[in-house]
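# Structure assessment
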Amino acid sequence: STGAYIASDESLKKNISDYKNALAQLNSIEVKEYEYTNEGDMSRMNLPKGKQVGLMAQNIENVFPQLTKETVFDLNNHPEDKNNDKEENLVKFKAVNYTGMIPVIVKAIQEQQEMIKEQQAIIKTLEDRITQLENK
């Protein structure tokens, strides 16, 4: 993230509706540990080194296609390359809009809180019933 503000004013939006089932959608996403490939030409991408924790774009794409995109990194832009128009030096990959995941995560937390409130009410009712039965 660049730390920049993103336009989010309601007056800039249309077709606004409530978002539902965020918790179920997030539950279908697998969190993985991995290391980026940094050998050979791939080192030019300056990907983080060492163990990482994150999401696979293909997994996100199945649930939130609007939060992924196809992109290309041109490995040809390197002074050591003699032939700067080689098609095989293009790395095509999927990228994830991690910032776009934040509203989904917020909604999932809200859904989870509703579930907790409902469970607390049930627990209270059951505790009251137990107390009544014990006092008979």
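In case you missed it, the structure is sitting above this.
About the criteria used
Residues numbered from 1 in each chain as written. Predicted model: local features only at pLDDT ≥ 70, side-chain atom pairs only at ≥ 80, totals over all residues. Heavy atoms only, no water. Helix = DSSP H or I, 4+ residues; strand = E, 2+ residues; numbered from the N terminus. Expected span 1.5 Å × (residues − 1). Buried < 20%, exposed > 50% of the residue type's maximum accessible area, 1.4 Å probe, protein only. Contact = heavy atoms within 4.5 Å. Salt bridge = Lys/Arg side-chain N within 4 Å of Asp/Glu carboxyl O. Core = buried A, V, L, I, M, F, W, Y, C linked by side-chain atoms within 4.5 Å. Phe/Tyr/Trp six-rings, centres within 6.5 Å; stacked < 30°, edge-to-face > 60°. 1 Å grid on protein atoms, 1.4 Å probe; cavity = no way out; pocket = protein on both sides within 12 Å on 5 of 7 lines; lining within 4 Å. Points joined across faces, edges and corners; volume = space filled by probe spheres on them. Nonpolar A, V, L, I, M, F, W, Y, C, P; charged D, E, K, R; others polar.

Owing to its 3.6 residues per turn, the α-helix aligns residues three or four sequence positions apart on the same side. With 37 residues, helix H3 (residues 98–134) extends 53 Å between its outermost C-alpha atoms, agreeing within 8% with the 54 Å of an ideal straight helix rising 1.5 Å per residue. Of the positions making up H3, those classed as buried are Gly100, Met101, Val104, Ala108 and Glu111. On its buried face, H3 is in contact with helix H1 (22–27), strand E2 (52–55) and helix H2 (57–63).

Quick look at the pattern of salt bridges now. Scanning all chains against the criterion turns up six salt bridges. One salt bridge in this structure joins Lys32 and Glu30, with 3.1 Å as the shortest N-O distance. When its relative accessible area of 34% is taken as the criterion, Lys32 is described as partly exposed. Where Glu70 meets Lys94, a salt bridge forms, and the shortest distance between an N and an O atom there is 2.5 Å. Placement of the pair is Glu70 in strand E3 (residues 68–74) and Lys94 in strand E4 (residues 90–96), with a sequence separation of 24 residues. Using a relative accessible area of 55% as the deciding quantity, one classes Glu70 as exposed.

To continue, consider the environment of Asn21. Summarising the element assignment, Asn21 is placed in the segment before H1. For Asn21, a relative accessible area of 53% translates into the label exposed. C-alpha separation for the pair Asn21 and Glu111, spaced 90 residues apart in sequence, amounts to 8.0 Å.

Formed by Ala22, Leu23, Ile29, Leu55, Ile60, Phe64, Leu67, Met101, Val104 and Ala108, the largest nonpolar core amounts to ten residues. Listed by contribution, the elements that provide at least two residues to this core are H1 and H3. Contacts of Val104, omitting those with residues within four sequence positions, involve Tyr19, Ala22, Leu26 and Phe64.

Although it is not a glycine, Asn21 adopts a positive phi angle of roughly 65°. Here Asn46, not a glycine, exhibits a phi torsion of approximately 55°, which is positive. Structurally, the position occupied by Asn46 is in the loop between strand E1 (31–34) and E2.

Here the focus is the packing of aromatic side chains. Counted under the stated rule, the structure contains one aromatic pair. Centre to centre, the rings of Tyr34 and Tyr36 are 5.4 Å apart; their planes meet at 85°, and the pair counts as edge-to-face.

On to the environment of Lys51. Along the chain, Lys51 falls in the loop between E1 and E2. Judged by relative accessible area, Lys51 falls into the exposed class, the value being 58%. As for Lys51 and Glu35, which are separated by 16 residues in sequence, their C-alpha atoms are 5.1 Å apart.

In this section: the layout of surface pockets. When its volume is computed, the largest pocket comes out at roughly 490 Å³. Lining of the largest pocket is provided by 17 residues; of these, Tyr36, Ala57, Phe93, Lys94 and Ala95 occupy positions nearest its centre. Breaking the lining of the largest pocket down by element, the ones donating at least two residues are H2 and E4. Element by element, the count of residues in the lining of the largest pocket is highest for E4, at six residues. Of the residues that constitute the lining of the largest pocket, the class distribution is 13 nonpolar, two polar and two charged. The calculated volume of the second largest pocket comes to roughly 320 Å³. Contributing to the lining of the second largest pocket are Ile6, Ala7, Ser8, Glu10, Lys13, Asn15, Ile16, Ser17, Asn97, Thr99, Gly100 and Pro103. Residue composition of the lining of the second largest pocket, by class: four nonpolar, six polar and two charged.

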